[in-house]
Amino acid sequence: MFDVFITNNGLSRRINGSLTTNRINGNITQGVGEIDSFTFVIYPNNEGYNDIQSRQTLITAVNETTKRTEFDGRILLAVEKMDASGILYKEVTAESCLGYLQDSIQPYTAESNYLLNDFIDLVLSNHNAQVEAYKRIYRGNVDVVTNSEGTVYKNLNYQTTFNILKEKLVNEFGGELSIRRVDGVLYLDYLKEGGTTRATRIKLGRNLQSLTREITPLSVITRVIPLGAKIKITETDDEGNTTERETEERLTIKGYDGRTVNYIDDEEKKAAYGVVCGIVEFSDVTEQSNLYNKAFNWLTNNNLILKKHTLTALDLKEIGQDIDGFYCGDSYPVENPLMNVSETMRIIKKTIDINAAYKSSITIGDKSVTLTQITNQNN
C-alpha cells in the first residue's frame, strides 16, 4: 500500500493509503535514466478530487512498509471523464521531478571547453534562472569520465535543459541522470551506473511468477565492411601549383594482404543468420593493416546479440519475508532452472501497483551475448 499526497500552494492532502476510505487506483513506472510516471484514476468521493490541477499540483507516493518515497513529482495532466453509467472520474498522469528540466530552454552559446562539472553547473544555472523555486535543481554526484582531462567541448543551442543533458552528455559519454531530494533540495546525479547489487534472489518456486526471455539478433552484422579515412588526391593546376583535395572515396581493406573483397565475414553468425552486411566506420584510420585489425576486433568484441528479460515477481519484503525489496537500478541474482537462467541482472524498469506493492513487473537490462553462449544455453 502507498500513501499518496498532493500539494497545492504548500498545503498537502492524502488521497491514498491504508487509512483512506475512497482510494485511487494506479501504477508507478520507473526507468533508469528516464522521467518516471504515475498514472491513476480518482473518483469524486475522494476528498482530493477537486484539488488536482494539471501542471500545478505536486504529488508524492510513499511505500507504507519501507517508508521509501517511490515517486516525487507533479501532476502533468488530469482529464475528467464520464462513463456509460454516468460515473464521473479523472484519469491523471504525473511525471517525476526530472521532468522539471523540460520547462527551461538553454540560451545559445558558442562551442567552448569546460570541465564536466562546470558545464553541468552552467546548464543548471540557466535552468534555475527560468523556473520557480520548487523546480530548481543543483549538481549532485558526478562520476562519468569524458576524457583524461575530464573536459567537454560543447555549445548550447536553444534546446530544453533535459534534451541538452541527454544529447550533449548521456548520448556521447554514457551514464545515467537521476534526481534525489535532500532536505527539500533537488540534486541531479550523473553517474556511470547507479544502484547496488542486492543479495535477495528472484527465484522460481519462491518469488518469481513469470519470465520472458527475448534474444534479439536484429542488430547482428555477419559481414562487416570497414571504411577508413577519406582518400586524398593531389591536383596540379596549369601553373604547376599542387593542392591536396579530400574525396568522398574511403579507404577499404580490398587489396590488403591479397584480399579480393572489401569485407570480413563472421562465419559462425553467417551460418546461423545468413549474409547481413553492415558498415563500420573508422574515420581516422589511414592504413589498410590498421583498418583490418580494427574491423576484426570490432567483429569479435562488439558484434553481439542482445538478450532481454521481462519478469513478474513478488516483493516479499512487503510481507516481511525478505531483507531487500526490488528497486529500479539495483541488481539481483535471477534463477530459473527450467529456462537455464542463473545470473545477476539489473532492473532497468519497474511498474508498481500502489495498492498491491508486493506485485512488481520488472524489466531487466539488455545483455550482450555471443552465439556460442546462446547455443550452449539452448543445449
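Structure report, in brief. (Residues numbered from 1 in each chain as written. Predicted model: local features only at pLDDT ≥ 70, side-chain atom pairs only at ≥ 80, totals over all residues. Heavy atoms only, no water.)

What follows concerns the sheet that holds strand β18 (residues 264–265). Ordered in space as β18-β15-β19, the 3 strands form an open sheet in which the pairing is mixed. Where the open sheet ends on each side, the last strands, each with one partner, are β18 and β19 (277–281). As paired strands, strand β15 (residues 223–227) and β18 are joined by 2 bridges and run antiparallel to one another. Counted as the bridge partner of arginine 223 is aspartate 265 from β18. (Pairing = 2+ DSSP bridges. Helix = DSSP H or I, 4+ residues; strand = E, 2+ residues; numbered from the N terminus.)

A word on the layout of surface pockets. Over the atoms rolls a probe the size of a water molecule, and in doing so it shows where empty space is left. Within this model, the largest pocket holds a volume of roughly 870 Å³. For the lining of the largest pocket, the secondary-structure elements that each account for two or more residues are β3 (25–31), β6 (69–82), β11 (176–182) and β12 (185–191). The biggest single contributor to the lining of the largest pocket is β11, with 6 residues. For the lining of the largest pocket, the residue count by class is 10 nonpolar, 9 polar and 12 charged. Counted as a void, the second largest pocket has a volume near 170 Å³. Along the walls of the second largest pocket sit Thr29, Gln30, Gly31, Val32, Glu34, Gly175, Glu176, Lys192, Glu193, Arg346, Ile348 and Lys349, which together make up its complete lining. The set of elements that each furnish at least two residues to the lining of the second largest pocket consists of β3 and β22 (341–353). Its residues assigned to classes, the lining of the second largest pocket shows 2 nonpolar, 4 polar and 6 charged. (1 Å grid on protein atoms, 1.4 Å probe; cavity = no way out; pocket = protein on both sides within 12 Å on 5 of 7 lines; lining within 4 Å. Points joined across faces, edges and corners; volume = space filled by probe spheres on them. Nonpolar A, V, L, I, M, F, W, Y, C, P; charged D, E, K, R; others polar.)

What follows concerns the sheet that holds β11. Within the open sheet, the 3 strands sit side by side as β9-β12-β11. Their pairing is mixed. For this open sheet the edge positions go to β9 (137–142) and β11, each flanked by a neighbour on one side alone. On average, adjacent strands in this sheet sit at an angle of 30° to one another, irrespective of strand direction. When β11 meets β12, the two strands line up antiparallel, connected through 7 bridges. Looking at β12, one finds that arginine 180 is bridged to tyrosine 187. Helix α1 (residues 116–128) contacts β9 and β12 of the sheet and is inclined by roughly 160° relative to β9. Packing of helix α2 (residues 161–173) onto the sheet brings it into contact with β11 and β12, and relative to β12 it is tilted by some 35°. (Axes fitted to C-alpha atoms, helices over the stretch in contact; angles between N-to-C directions. Contact = heavy atoms within 4.5 Å.)

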